[in-house]
Amino acid sequence: MNNILVEIDNSKHVMIVADAKMLPNASALYSCVLQRHKKVSLVCCDEKINEKYSFLPWFDKIRSHKMPSSDFILEVNFTSLDVYKFLKKNNIKINNKIATALYAGLLQESENFSKNLFDGIIFAVAKELIECGADYQKCYYFMIKRTTLAVLRLKSMMLKNMTLHNSAKAAVFFISLDEIKSSGAKVEDCYEVMKEALNLPYVELSVLLDNDNNVLKLII
C-alpha cells in the first residue's frame, strides 16, 4: 500500500473496487479519499451483497458498475490491519466512520476475535478504534448476531440431516443445491452452520456433502 496515497493525491477521480467481503476496508478507504478532497466512487460487482454490510458508512454509495471517468482504480485486497497501519503511517485521522468500518473488518477477519491466528495487536487496535468512535455494538450486531429467515431455513435443513462419525469427531452435513435454493440462502451460508458444529463436544471436523457425496466444503 506504500504508493496508494501518492496515486490518490495525483488523481481527480478515485474508483474503489471491492468484493462484498472487502466492503468494510473499502468503506474505510472511501472516507480516507474524501479527507483528501477527491472525487471517489465505490464499486462492488458482486451480484448480491449480504445485508449484514448495510450498516457500513457509505453503503448507500455503492455502485454495481465501474466508472469510466476515474483515473485511479484502487482494488481492495488488504486486511483491516493493513489499512489501519497505512493510516497510522501516513498520519491520516481515524474518524468515527473509518473506525467503525475497520472494527467491522476486524470482527469479520478474526471471526469475532476467536481465531488464534491473531496476537494481542488486534485487541490493541480494536481498543483504539473504539476510542476513535467505532460503533462496536452495531458492528457486533450486524456482523455476528444478525441473521435472515433464509439462513434459519437452511440451518434447519442442515441440522436435520447432520450425522456424527469417527467417535463423534466429524460432523457430516448433507444438502442439495435445490434445498439451498429453496431456502433462499447461498452455499456460503452453509459454512456458518458448519462452524457452529465445531462447538459440539469432541467434534474436530465439519464436512458438507451434496446428494452424490461430493465434498462441497471441509472445515477443521
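Our subject is the structure listed above.
Just so we're clear, the structure is a prediction, and the values are computed from it rather than from any experiment. (Residues numbered from 1 in each chain as written. Predicted model: local features only at pLDDT ≥ 70, side-chain atom pairs only at ≥ 80, totals over all residues. Heavy atoms only, no water.)

## Examining the overall build of the protein
So the rule is basically this: Each helix corresponds to a stretch of at least 4 residues labelled H or I by DSSP, and each strand to a stretch of at least 2 residues labelled E; elements are numbered beginning at the N terminus. Contact criterion: two residues are considered in contact whenever any of their non-hydrogen atoms come within 4.5 Å of each other. In this description, accessible areas are obtained by the Shrake-Rupley approach with a 1.4 Å probe, and a residue is regarded as covered only by the protein chains that are shown.
When helices and strands are tallied, the protein shows 9 helices and 8 strands. Taking the principal axes of its C-alpha atoms as reference, the protein extends roughly 60 × 40 × 25 Å. In the protein, 69% of the contacts between residues at least 6 apart in sequence involve partners at least 24 apart. Counting every atom, the protein has about 12,500 Å² of accessible surface; 50% of that belongs to carbon and sulfur.

## Remarks on the sheet that holds strand 3 (residues 62-63)
Using the following cut-off: Two strands are said to pair when DSSP picks up at least two bridges between them. To get an axis, fit a line to the C-alpha atoms, keeping to the stretch in contact for a helix; angles then go from 0 to 180 degrees between the N-to-C directions.
Here 4 strands make up an open sheet; going across it, the order is 3-2-1-4 and the pairing parallel. Single-partner strands in this sheet number two, and they are strand 3 and strand 4 (72-75). In the sheet, strand 2 (residues 39-43) pairs with strand 3 via 2 bridges, with the strands oriented parallel. What sits directly across from L42, in strand 3, is I62. Its contacts with the sheet put helix 2 (residues 23-35) on strand 1 (13-17), strand 2, strand 3 and strand 4, and the angle it makes with strand 2 is roughly 170°.

## Quick word on the pairing of strand 6 (residues 170-174)
Filter applied, for reference: Think of it in three bands: residues with accessible area under 20% of the maximum for their type are buried, residues over 50% are exposed, and the middle band is partly exposed, with areas taken using a 1.4 Å probe on protein chains only.
Taking burial as the measure, the 5 residues of strand 6 include 4 buried ones, the bulk of the element. Note that strand 5 (residues 163-165) and strand 6 share 3 bridges and pair antiparallel. Pairing of L164 across the sheet is with A171, part of strand 6. Pairing geometry for strand 6 and strand 7 (residues 205-209), over 5 bridges, is parallel. Of the residues in strand 7, the one forming a bridge with F174 is L209.

## What about the pairing of strand 4?
Residues F72 and L74 line the buried face of strand 4, whereas the alternating positions I73 and E75 sit on a face that is not buried. Relative to strand 4, strand 1 runs parallel, the two being bridged by 4 bridges. Across the sheet, V17 pairs through a bridge with E75, a residue of strand 4.

## What about the sheet that holds strand 6?
Pairing within the open sheet is mixed, and its 4 strands lie in the order 5-6-7-8. Each edge of the open sheet is held by one strand with a lone partner, namely strand 5 and strand 8 (215-219). Going across the sheet, the axis of each strand differs from the next one's by a mean of 20°, ignoring polarity. Pairing analysis gives 4 bridges linking strand 7 to strand 8, with the strands arranged antiparallel. Bridge pairing in strand 8 places V207 opposite L218. On the sheet, helix 9 (residues 187-197) packs against strand 6, strand 7 and strand 8 and is oriented at approximately 45° with respect to strand 8.

## Regarding the side chain of S110
Rule in force here: What qualifies as a polar contact is a pair of N or O atoms within 3.5 Å, subject to a donor-acceptor requirement within protein and to the restriction that residues adjacent in sequence count only when both atoms come from side chains.
Topologically, S110 is positioned in helix 4 (residues 96-110). A polar side-chain atom of S110 sits 2.7 Å from the main-chain carbonyl oxygen of L106.

## Examining unusual backbone geometry
Unlike most non-glycine residues, N112 shows phi in positive territory, near 60°. Along the chain, the position of N112 falls in the loop between helix 4 and helix 5 (121-131). The exposure class of N112 is partly exposed, given its relative accessible area of 29%. In this structure, N213 is a non-glycine residue whose phi angle is positive, near 65°. The residue N213 is located in the loop between strand 7 and strand 8 in this model.

## What to know about the nonpolar core
Going by this rule: Nonpolar cores are built from buried Ala, Val, Leu, Ile, Met, Phe, Trp, Tyr and Cys residues. Side-chain atoms within 4.5 Å join them into one set.
Counting residues in each nonpolar core, the largest one holds 47 residues, and the members touching the most others are I16, L29, L74, F86, L87, L102 and L129. With 8 residues, helix 4 is the single largest residue contributor to this core. Residues L154, A185, C190 and V193 belong to the second largest nonpolar core, which totals 16 residues.

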